[in-house]
Amino acid sequence: NEKGLAVTINADKSGIPSASATPVSLVAREILQYAKNISEAYKIAAGRKMFVSESFLISSGEDHKSVVIEKTPDTLDLYDSEKNFIVCTNHFQSNGLKATLPNKEQIDQSASSYRYERVLELLNSIDTNTVEKTAALLRDQGGLANTDIGMGNEKAVNQLIAHHSIIFEPEKLRVWVSTSPWQLGPYVSYDLDKIFSMNGMKQDREIIDDSLTVAADPFLATDAFRNFVKFRKEGLILKSDGNVDLDQFIALNPNYYHTYVLAGDYSFRKKDFEKAKVYFEMALTKVVATKKEELYIQAQIEKCKKKKNS
């Protein structure tokens, strides 16, 4: 906002809502509209009842720091890393909420903690941060220790699904917004001082600051990117039982566990249970994103065994 306060929201594990309450987006909007610092943002968050759990990452130009306000339908807490960086994925970190059962399940069963560790790993490789280095971090597709976990893996920072990402520089009232596809296009910069001082748009024109544009990711010009686009298209064809060469499909994204899940599900529906079992077993040799998906793959292997022997 015009005071240099930025808000990003990351969901945490929630129970099934039993009553209506304020939507998360409206709480975030109220903070942006009325808060100029962390204290005021916290007060607004405390005054609203929500029906899901959410982390509000608040970056304040006035306070020269960032914190995470963590809120559930019945609890509120604040996490301050007390360092010169803070990381927020999809689990709580505050003393009041990190040990709760839903949060422990989220850490154990989701991809959140893996992505958190990957961001820390990337931050530790940076000496002095810059907008360009932040963009590179947000575009990172690697696993821990720079392992190849396949394109599109939920455990990656960039899962090749996001509509956009934003880099905030609150003290200077600047933002960089990524362009398509999937955070890979140029990050274009907006000077909010200039935008907020405008008395309406007099004509249809760009208002970005071209001198601060961060270049597109070189990945866009690679065969790997073209393979991924084809992989996505053929994956949809597989799901609808269309005709796809499975060997060629797997070669498009061979280190991604879900590649083999798609091939396994397709073969299972075609009643080729032996082949399906091989694909599912191969999936388990890769980095699987969530516990739920791992259990699904294991269950499919058991089904293949039973079908084969029946």
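From a predicted model like this one, the values you see are computed outputs, not experimental measurements.

Draft legend 1. The sheet that holds strand S1 (residues 5-11), seen in detail. Read from one edge to the other, the open sheet built from four strands follows the order S1-S2-S3-S4, with strand pairing classed as antiparallel. Two strands bound the open sheet, and with one partner strand each, they are S1 and strand S4 (76-79). The average undirected angle you get between the axes of adjacent strands in this sheet is 20°. Here S1 pairs with strand S2 (residues 54-60) via seven bridges, running antiparallel. Opposite Ala6, over in S2, you have Ser59 as the bridge partner. Across the sheet, helix H2 (residues 38-46) touches S1, S2, strand S3 (65-71) and S4, and the angle it forms with S3 is around 10°.

Draft legend 2. Inspection of helix H1 (residues 24-34) at higher detail. The complete set of buried residues in H1 reads Val24, Val27, Ala28, Glu30 and Ile31. Each buried residue of H1 lies within a common arc of 160° when the element is viewed along its axis, so the set occupies one face. On the buried face of H1, the contacting elements are S1, H2 and S2.

Draft legend 3. Local environment of the side chain of Ser110. The topology assignment puts Ser110 in the loop between helix H3 (101-109) and helix H4 (112-124). Reaching out from Ser110, the side chain makes a polar contact with the backbone nitrogen of Ser112 at a distance of 3.2 Å.

Draft legend 4. Here's a closer look at the packing of helix H10 (residues 273-283) against helix H11 (residues 291-309). Relative orientation of the contacting elements H10 and H11 amounts to 155°, with a least axis distance of 9 Å. In terms of axis orientation, H10 runs roughly antiparallel to H11. Crossing of H10 against H11: the hand is left-handed. Counted together, Phe273, Glu274, Ala276, Lys277, Phe280, Glu281 and Ala283 of H10 and Ile297, Gln300, Ile301, Cys304, Lys305, Lys307 and Lys308 of H11 form the full contact between these two elements. Here the contact of H10 with H11 is composed, by residue class, of seven nonpolar, one polar and six charged.

Draft legend 5. Inspection of H4 at higher detail. Here H4 spans 19 Å end to end across 13 residues, near enough to the 18 Å set by a 1.5 Å rise per residue. Residues of H4 that are buried include every one of Ser112, Tyr114, Arg115, Tyr116, Arg118, Val119, Leu120 and Leu122, and no others. At its buried positions, H4 is contacted by S4 and helix H5 (131-138).

Draft legend 6. Region of interest: unusual backbone geometry. Of note, the bond from Ser180 into Pro181 is cis; its omega dihedral lies within 30 degrees of zero at 0°. Within the fold, Pro181 resides in the loop between strand S6 (174-178) and strand S7 (187-191). Notably, Ala145 is not glycine yet its phi reads approximately 60°, a positive angle. In this structure, Ala145 sits in the loop between H5 and strand S5 (166-169). Judged by its relative accessible area of 58%, Ala145 falls in the exposed class. With a phi angle near 65°, Lys271 is a residue other than glycine that sits in the positive phi range. Checked against the element boundaries, Lys271 lands in the loop between helix H9 (257-269) and H10.

Draft legend 7. Seen up close, the pairing of S7. Among the five residues of S7, four are classified as buried, and the element is accordingly described as predominantly covered. Bridge count for S6 against S7 is five bridges, and the pairing is antiparallel. Paired with Val175 across the bridge in S7 is Tyr190.

Draft legend 8. Focus on the sheet that holds S5. Taken together, the three strands give an open sheet; going across it, the order is S5-S6-S7, and neighbouring strands pair in antiparallel fashion. Edge positions in the sheet fall to S5 and S7, since each has one partner strand and no second. Each neighbouring strand pair of the sheet contributes to a mean axis angle of 15°, computed without reference to strand direction. Strand direction decides the pairing type here: S5 and S6, joined by four bridges, are antiparallel. The residue of S6 that forms the bridge with Phe168 is Val175. Together, S5, S6 and S7 form the strand contacts of H5, whose direction differs from that of S5 by roughly 150°.

Draft legend 9. Just the pairing of S4, in detail. Taken together, the four bridges between S3 and S4 define a ladder with antiparallel strand orientation. Among the inter-strand pairings, Glu70 is bridged to a residue of S4, identified as Asp77. In this structure, the hairpin formed by S3 and S4 is closed by a connection of four residues.

Calculation notes
- Residues numbered from 1 in each chain as written.
- Predicted model: local features only at pLDDT ≥ 70, side-chain atom pairs only at ≥ 80, totals over all residues.
- Heavy atoms only, no water.
- Pairing = 2+ DSSP bridges.
- Helix = DSSP H or I, 4+ residues; strand = E, 2+ residues; numbered from the N terminus.
- Axes fitted to C-alpha atoms, helices over the stretch in contact; angles between N-to-C directions.
- Contact = heavy atoms within 4.5 Å.
- Buried < 20%, exposed > 50% of the residue type's maximum accessible area, 1.4 Å probe, protein only.
- Arc of directions from axis to C-beta.
- Polar contact = N/O pair within 3.5 Å; in protein donor to acceptor, adjacent residues only side chain to side chain.
- Parallel < 35°, antiparallel > 145°, perpendicular 65-115°, else oblique.
- Left-handed = near helix turned anticlockwise from the far one by under 90°.
- Nonpolar A, V, L, I, M, F, W, Y, C, P; charged D, E, K, R; others polar.
- Expected span 1.5 Å × (residues − 1).

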